[in-house]
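Notes for the structure review
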Amino acid sequence: MELITILNRCHRFRGFVYQHAHFGADKKSIEVAVRPRNGSAAVCSRCHLPAPGYDQLAERRFEFIPLWGFLVFLLYTMRRVNCRRCGIVAVEEVPWGDGKRTLTKAYVLFLAPWARRLSWKETAEAFRTSWDKVFDAVEHVVTFGLEHRVLGQIDAIGVDEIQYARGHKYLTLVYQIDLDVTRLLWVGRERTIESFRGFFTVIGDELASKIVFVCSDMWEPYLRVIREKCSEALHILDRFHIVAKMNKALDEIRAGESRRIASEGGVPVLKKSRWLLLKREENLKTEQRFRLRDLLRYNLKTVRAYLLKEAFQQLWDYNSPAWAGKFFDDWCRQVMRSRIEPMKKIARSLRQHRELILNYFRAQKLLSSGVVEGLNNKAKVTMRKSYGFRTFRCLELALYHSLGKLPEPESTHDFF
Ligand SMILES: [Zn+2]
């Protein structure tokens, strides 16, 4: 069986024929010559209709899916057409590629899913191609996906911020968190009012007005846009963000106190205690649990803050918003008497957003909780895998690619 026979089976196009296949000069690649079928006219790349020929350009190499350790290229001499409809001389359209890319469409569709499983760098290495070409492949499928996705009705959204570029910059991510669909809908630069408004521009007022639930953290610009664009929706402050905030405060207290003990030459009881205090107790190993109990005997600010944080967790067990509210108020009062400034700061901020927090109970069982946290973790994994992308564009593409659940261009053959 010849290579041409296989190509005709999996990658055949009307109007073109495979002439012959031969090794490239380096013997490491296979080159397949392609030519127009006799008598078939070139197609104008602007109006997509046949047009009379004008001249030919230099031969181009289109990168195809590698085979058994050989790179494979299709060689083709592009024609130009003199299109009367468009009134210009244009390059012809070829069905296996496009005017700009050197990758064939088949190779783009082959590489893109790999770039979701592996990092872009690993994908390039695995298939002996360049990082830029993997970027190209992802850009192609993401652009197609965004143009062809159907938004449909959106019941619930979650908005979240994520840090990148060594923590100096932020992205705003908007997820759809309906019970049956969770996906990334939008990526915006920064975490400003303008960036979040950009999402509403994309979906339009009609879809926005039908959103029933919005989940967010306490970031004021987000709260403001939600009030402005989704005034009818039930706005919920996400549990995961509140816990994250509390953990951050606790960590601050622990670090400060640990430094103070060290500078006073005391026993470093807080050493290596970070994860003991930040993890939920049920997630600790037996040995860690003993160490935690040991630590809790000390009269330290850190310990008191830890106990307050743990006590707060009970809030989530309530079903009734009224009882949850009562517990919430008691907890805030207790914290305000604690003389631990970072915790007091949190209590003040929670009090300010009391209604939004209690909305969690009003919406309970209608919104899958923890879904924003799950998506946030996936986004972080994607960013970690994409170590080396420094630009917003790369991150945007990588995030849409892994979390957007975008439709993909169809292919007549599955090159698995
Ligand atoms: Zn035309």
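See above for the structure.
Okay, so let's go over this structure. Because the structure is a prediction, the values reported are computed rather than measured.

Cut-offs applied
- Residues numbered from 1 in each chain as written.
- Predicted model: local features only at pLDDT ≥ 70, side-chain atom pairs only at ≥ 80, totals over all residues.
- Pairing = 2+ DSSP bridges.
- Helix = DSSP H or I, 4+ residues; strand = E, 2+ residues; numbered from the N terminus.
- Axes fitted to C-alpha atoms, helices over the stretch in contact; angles between N-to-C directions.
- Parallel < 35°, antiparallel > 145°, perpendicular 65-115°, else oblique.
- Left-handed = near helix turned anticlockwise from the far one by under 90°.
- Contact = placed C-beta atoms within 7 Å.
- Nonpolar A, V, L, I, M, F, W, Y, C, P; charged D, E, K, R; others polar.
- Buried ≥ 20, exposed ≤ 12 C-beta atoms within 10 Å, placed from the backbone.

Relative to strand β5 (residues 88-91), strand β4 (residues 70-83) runs antiparallel, the two sharing four bridges. Paired with V81 across the bridge in β5 is A90. From the end of β4 to the start of β5, which pair antiparallel, there are four residues, and G87 there has a positive phi angle of about 70 degrees.

As a further point, take the packing of helix α11 (residues 321-336) against helix α13 (residues 354-362). At a minimum axis distance of 9 Å, the contact between α11 and α13 shows a crossing angle of 140 degrees. On the basis of their axis angle, the class for α11 and α13 is oblique. When the axes of α11 and α13 are compared, the crossing they make is right-handed. In this structure, α11 uses P321, A324, G325 and F328 to contact α13, whose residues at the interface are R354, I357, L358, F361 and R362. Of the residues in the contact of α11 with α13, the class split is six nonpolar, one polar and two charged.

Packing of helix α7 (residues 239-263) against helix α12 (residues 341-352) brings their axes to within 9 Å, and their N-to-C directions diverge by 160 degrees. What the angle tells us is that α7 and α12 run roughly antiparallel. By crossing handedness, the relation of α7 to α12 is classed as right-handed. Where α7 abuts α12, its residues K245, M246, A249, E252 and I253 lie against P342, M343 and I346. Of the residues belonging to the contact of α7 with α12, the class tally is six nonpolar, no polar and two charged.

Turning to the environment of E282, a few remarks are in order. With respect to the helices, strands and loops of the structure, E282 is situated in the loop between α8 (274-278) and α9 (286-295). With 6 C-beta atoms packed within 10 Å, E282 lands in the exposed category. Sequence separation between E282 and R37 is 245 residues; the distance between their C-alpha atoms is 70 Å.

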